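# Structural overview for review
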Amino acid sequence: MGIVVENVSKQFGSFQAVEQVSLEVKTGSLVALLGPSGSGKSTLLRLIAGLDMPDEGKIFLTGRDATYESVQDRNIGFVFQHYALFKHMTVRKNIAFGMEIQKTPKARVMRRVEELLELVQLTGLGDRYPSQLSGGQRQRVALARALAVEPKVLLLDEPFGALDAKVRKDLRIWLRRLHDEVHVTTVFVTHDQEEAMEVSDEIVVMNKGRVEQIGTPAQIYDNPASAFVMSFIGPVNVLPSTSRIFEGNGFDSPHPEVFLRPQDVVIEVEPNGTTVEARVSRLIHLGWEVQAELMLDDGQVVTAHLSRDRFDQLNLEPQQRVYVKPKDAKAFPLYYSI
């Protein structure tokens with residue numbers, strides 16, 4: 001295994017940041033630590049990096065016990081949200097810094113820097129300074145610097161959080177392609193569900209210092225292990241189990257709340273015996289899909305997502321009376337708010 005975390009806990013004063021966390025990251029995989037602010041994901045990353053020491057538990061890196069090793073001995077590359085580049089150094093010198101500290105032969109440093117400039121698509125920009133680069137380019141320099149020392153493990157702490165949406169989207173695609181080339185065992189922290197789903201092989205969903213679920217993006221989305229996971233990963237309607245939309249559909253839950261994805265709300269323009277009446281209160285055009293806000297007769301508001309083809313087929317208009325039913329829904333014993 002690339003990384004193994006066994007029953008790790010970390011407390012800061014009276015605050016329990018990480019509590020009895022265990023997980024395995026396969027060698028060469030890309031894993032996201034996903035959760036809201038305060039969930040413990042950044043603390044866990046710092047524990048893996050050696051920037052903090054656990055109160056309990058063990059951390060293994062590439063098969064060896066690294067629980068109390070120094071940062072320098074862990075052979076880890078670390079990329080922060082705000083780049084942490086040296087402003088007075090050129091791009092080339094920034095990338096070379098770690099290798100020069102390790103006293104790597106000069107010829108090897110020069111060769112490796114040019115390889116990395118090409119890898120991160122910054123060929124020809126090696127003599128520029130960080131202030132002369134865009135945010136996306138600076139983040140790629142930070143990644144190249146982390147990769148320069150050929151780490152066994154690469155850790156990224158919200159690497160795209162300081163960038164605008166378009167640049168963030170482009171860099172997500174680029175990071176996935178980069179990982180497929182270098183195959184460094186990588187863990188990155190994010191609170192962006194779409195980012196985690198798009199980039200990672202596996203997602204570790206964290207909440208209040210604990211792991212709620214570990215799985216592939218498809219497993220996490222399609223088979224959430226808890227109410228928290230379902231409510232945090234993707235949009236969801238949270239409805240009382242007594243809502244009229246569940247009448248006549250064979251869905252009977254002993255739990256007070258039911259979770260219904262917007263894409264699992266079926267809309268018809270004529271009743272068919274299993275639908276309930278609703279009114280279209282608002283239509284929001286999102287490009288590739290349309291979001292319909294529906295008001296049930298019992299006052300419950302339900303959000304539905306429709307493909308553009310389905311929307312055109314139904315020809316929906318605001319205030320139109322429609323008929324709806326759930327295609328799928330889930331219920332859980334307890335609901336933990338975000």
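Details of the structure are given in the entry above.
What comes next concerns the included structure. Predicted model only: the values in this text are computed from it and were never measured. (Residues numbered from 1 in each chain as written. Predicted model: local features only at pLDDT ≥ 70, side-chain atom pairs only at ≥ 80, totals over all residues. Heavy atoms only, no water.)

### What to know about helix α3 (residues 106-119)
Because each turn of an α-helix spans 3.6 residues, side chains separated by three or four positions in sequence point in the same direction. If you check α3, its first and last C-alpha atoms are 20 Å apart, about what 14 residues at 1.5 Å a residue would give, namely 20 Å. Those residues of α3 not exposed but buried are V109, R112, V113, L116, L117 and L119. Relative to the axis of α3, the buried residues are bounded by an arc of 155° and lie together on one face. Residues A107, M110 and E118 are exposed on α3 and point more than 90 degrees away from its buried face. Looking at the buried residues of α3, the elements they touch are α2 (91-101), α4 (135-148) and α5 (165-182). One or two positions beyond α3, positive phi appears at Q121, with a value near 60°. (Helix = DSSP H or I, 4+ residues; strand = E, 2+ residues; numbered from the N terminus. Expected span 1.5 Å × (residues − 1). Buried < 20%, exposed > 50% of the residue type's maximum accessible area, 1.4 Å probe, protein only. Arc of directions from axis to C-beta. Contact = heavy atoms within 4.5 Å.)

### Concerning unusual backbone geometry
In this structure, N75 is a non-glycine residue whose phi angle is positive, near 55°. Considering the arrangement of structural elements, one finds N75 in the loop between β5 (64-65) and β6 (76-79). Residue classification places N75 among the partly exposed positions, given a relative accessible area of 28%. For N315, which is not a glycine, the phi torsion comes out positive at approximately 55°. Examined against the element boundaries, N315 turns out to sit in the loop between α9 (308-314) and β17 (321-326). Taking relative accessible area as the criterion, N315 reaches 52% and is therefore assigned exposed.

### Describing the sheet that holds strand β1 (residues 3-12)
The strand order across the open sheet built from four strands is β2-β1-β4-β5, with neighbouring strands paired in antiparallel fashion. Two strands close off the open sheet at either side, each with one partner strand: β2 (15-25) and β5. Relative to β5, strand β4 (residues 56-61) is paired through two bridges, and the arrangement is antiparallel. Within the sheet, the bridge partner assigned to F60 lies in β5 and is D65. Running over the sheet, helix α1 (residues 41-49) touches β1, β2 and β4 and is turned about 120° from β1. (Pairing = 2+ DSSP bridges. Axes fitted to C-alpha atoms, helices over the stretch in contact; angles between N-to-C directions.)

### Topic: a nonpolar patch on the surface
On the surface, L51, V71 and F80 cluster together into a nonpolar patch covering about 210 Å² of accessible area. As for its placement among the helices and strands, L51 is situated in the loop between α1 and β4. Classification of L51 by relative accessible area gives partly exposed; the value is 32%. (Patch = residues over 30% accessible without salt bridge, like charges linked within 9 Å, V, L, I, M, F, W, Y side chains within 5 Å. Areas by Shrake-Rupley, 256 points an atom, 1.4 Å probe, with all protein chains shown as cover. Salt bridge = Lys/Arg side-chain N within 4 Å of Asp/Glu carboxyl O.)

### A few points about the nonpolar core
Core analysis: the biggest nonpolar cluster contains 44 residues, and I95 and L154 have the highest contact counts within it. With seven residues, α4 is the single largest residue contributor to this core. In this view, L154 contacts G77, V79, L143, A146, L147, V184, T185, T186 and V187; residues no more than four positions away in its chain are not counted. In this structure, V25, I76, L155 and V189 belong to the second largest nonpolar core, which totals 25 residues. (Core = buried A, V, L, I, M, F, W, Y, C linked by side-chain atoms within 4.5 Å.)

### So, the environment of K330
Relative to the helices and strands, K330 resides in the segment after β17. Sequence-wise, K330 and R261 are 69 residues apart; in three dimensions their C-alpha atoms are separated by 9.1 Å. Every residue in contact with K330, bar those within four places of it in the chain, is listed here: D222, P224, M230, F251, V258 and F259. Only 3.4 Å separates the side chain of K330 from the side chain of D328, close enough to count as a polar contact. (Polar contact = N/O pair within 3.5 Å; in protein donor to acceptor, adjacent residues only side chain to side chain.)

### Considerations on the pattern of salt bridges
In this structure the tally under the stated criterion is 25 salt bridges. As a salt-bridge pair, R172 and D192 come within 3.9 Å of each other at their nearest N and O atoms. Here D192 lies in the loop between β8 (185-190) and α6 (193-199) and R172 lies in helix α5, a separation of 20 residues in the sequence. Across the pair D297 and R321 runs a salt bridge whose closest N-O atoms are separated by 2.8 Å. Taken as a pair, D297 in the loop between β15 (289-296) and β16 (301-307) and R321 in strand β17 lie far apart in primary sequence, 24 residues in all. The exposure class of D297 is partly exposed, given its relative accessible area of 45%. You can call R321 partly exposed: its relative accessible area is 35%. One continuous salt-bridge network, built from bridges that share partners, spans K169, R172, D192, E194, E195 and E198.

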